[in-house]
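One-letter residues, chain by chain:
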Amino acid sequence: MATRTATTQWTGGLQDGSGRVTLDSSGTGTFDVSFPRRIADEAEGSTSPEELIAAAHASCYAMALSGGIANAGGTPQSASVRADVTVRPDRDNGGLLISKIVLTVRAKVDGLTSEQFSDVAEETKKACPVSKALASVPEIVLDATLES
């Protein structure tokens, strides 16, 4: 069983503070985080929990889709997976809420019909570990297209 670790060092208050998140397990990077940039239209060089969730969801989904295609008798050639994570104020409970995730998938696959691919893509949305972890998100939309 694998455990992956990231650490955030934060200085200051919510609005005027800033932090740096480090991907400890892989050692692949350290990234600036900022609350005002988190909810702004432009990130301006800072990442956010939502962007990190988007990265986790897109990469998890791509891996799970490849396995699902093979399990369905197809041969995965390539896939592009984009995850758009929307955050908004939580009007009911205060704070913020991840209200929607849109997964956009474009894949090249041998040996599956469009219908079979759609079934695998939908099942992958439910089965990918990150999707399971995000099951409380009110809306996860899948737009999956089999390319020729």
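These remarks concern the structure in this document. (Residues numbered from 1 in each chain as written. Predicted model: local features only at pLDDT ≥ 70, side-chain atom pairs only at ≥ 80, totals over all residues. Heavy atoms only, no water.)

What follows covers unusual backbone geometry. With phi around 50 degrees, Glu44 is a residue other than glycine that occupies positive phi space. Examined against the element boundaries, Glu44 turns out to sit in the loop between α1 (35-38) and α2 (49-71). (Helix = DSSP H or I, 4+ residues; strand = E, 2+ residues; numbered from the N terminus.)

A few words on the sheet that holds strand β3 (residues 30-33). Taken in spatial order, the three strands line up as β1-β2-β3 in an open sheet, and their pairing is antiparallel. The outermost strands of the open sheet, each flanked by one partner alone, are β1 (6-11) and β3. When strand polarity is set aside, the average angle formed by the axes of neighbouring strands in this sheet is 20 degrees. When β1 meets strand β2 (residues 18-23), the two strands line up antiparallel, connected through six bridges. What sits directly across from Thr8, in β2, is Val21. (Pairing = 2+ DSSP bridges. Axes fitted to C-alpha atoms, helices over the stretch in contact; angles between N-to-C directions.)

Most often, soluble globular proteins keep nonpolar side chains buried together rather than apart. With 25 residues, the main nonpolar core has Tyr61, Leu65, Ile69, Ile101, Leu103, Val105 and Phe117 as its most contacted residues. Going through the elements one at a time, α2, β4 (75-89), β5 (96-110), α3 (114-127) and β6 (140-147) are the ones with two or more residues in this core. (Core = buried A, V, L, I, M, F, W, Y, C linked by side-chain atoms within 4.5 Å. Buried < 20%, exposed > 50% of the residue type's maximum accessible area, 1.4 Å probe, protein only.)

What follows is about α2. The end-to-end C-alpha distance of α2, which contains 23 residues, comes to 32 Å, matching closely the 33 Å that a straight helix rising 1.5 Å per residue would cover. Taken together, the buried positions of α2 are Glu50, Ala54, His57, Ala58, Cys60, Tyr61, Leu65, Gly68 and Ile69. Along its buried surface, α2 packs onto α1, β4, β5, α3, α4 (129-133) and β6. Count one or two residues on from α2 and you reach Gly73, which has phi positive near 95 degrees. (Expected span 1.5 Å × (residues − 1). Contact = heavy atoms within 4.5 Å.)

Moving on to the pattern of salt bridges. One pass over the full model with this rule turns up six salt bridges. Here Arg82 makes a salt bridge to Asp84, at a shortest N to O gap of 2.9 Å. For Arg82, a relative accessible area of 53% gives the class exposed. A relative accessible area of 29% means that Asp84 is categorised as partly exposed. Among the salt bridges present, the one from Arg106 reaches Asp143, with a minimum N-O distance of 3.1 Å. In this pair, Arg106 is assigned in strand β5 and Asp143 in strand β6, connecting sequence segments 37 residues apart. The class of Arg106 is partly exposed, set by a relative accessible area of 26%. Residue Asp143 is classed as partly exposed on the basis of its relative accessible area of 33%. (Salt bridge = Lys/Arg side-chain N within 4 Å of Asp/Glu carboxyl O.)

The three strands lie next to each other as β4-β5-β6, forming an open sheet whose pairing is mixed. Whereas interior strands pair on both sides, the edge strands pair on one side only; in this sheet they are β4 and β6. Neighbour-to-neighbour, the strand axes of this sheet turn through a mean angle of 15 degrees, independent of strand direction. Packed on one face of the sheet, α2 meets β4, β5 and β6 and runs near 150 degrees to β4. Sitting on the sheet, α3 is in contact with β5 and β6, with an inclination near 150 degrees to β6.

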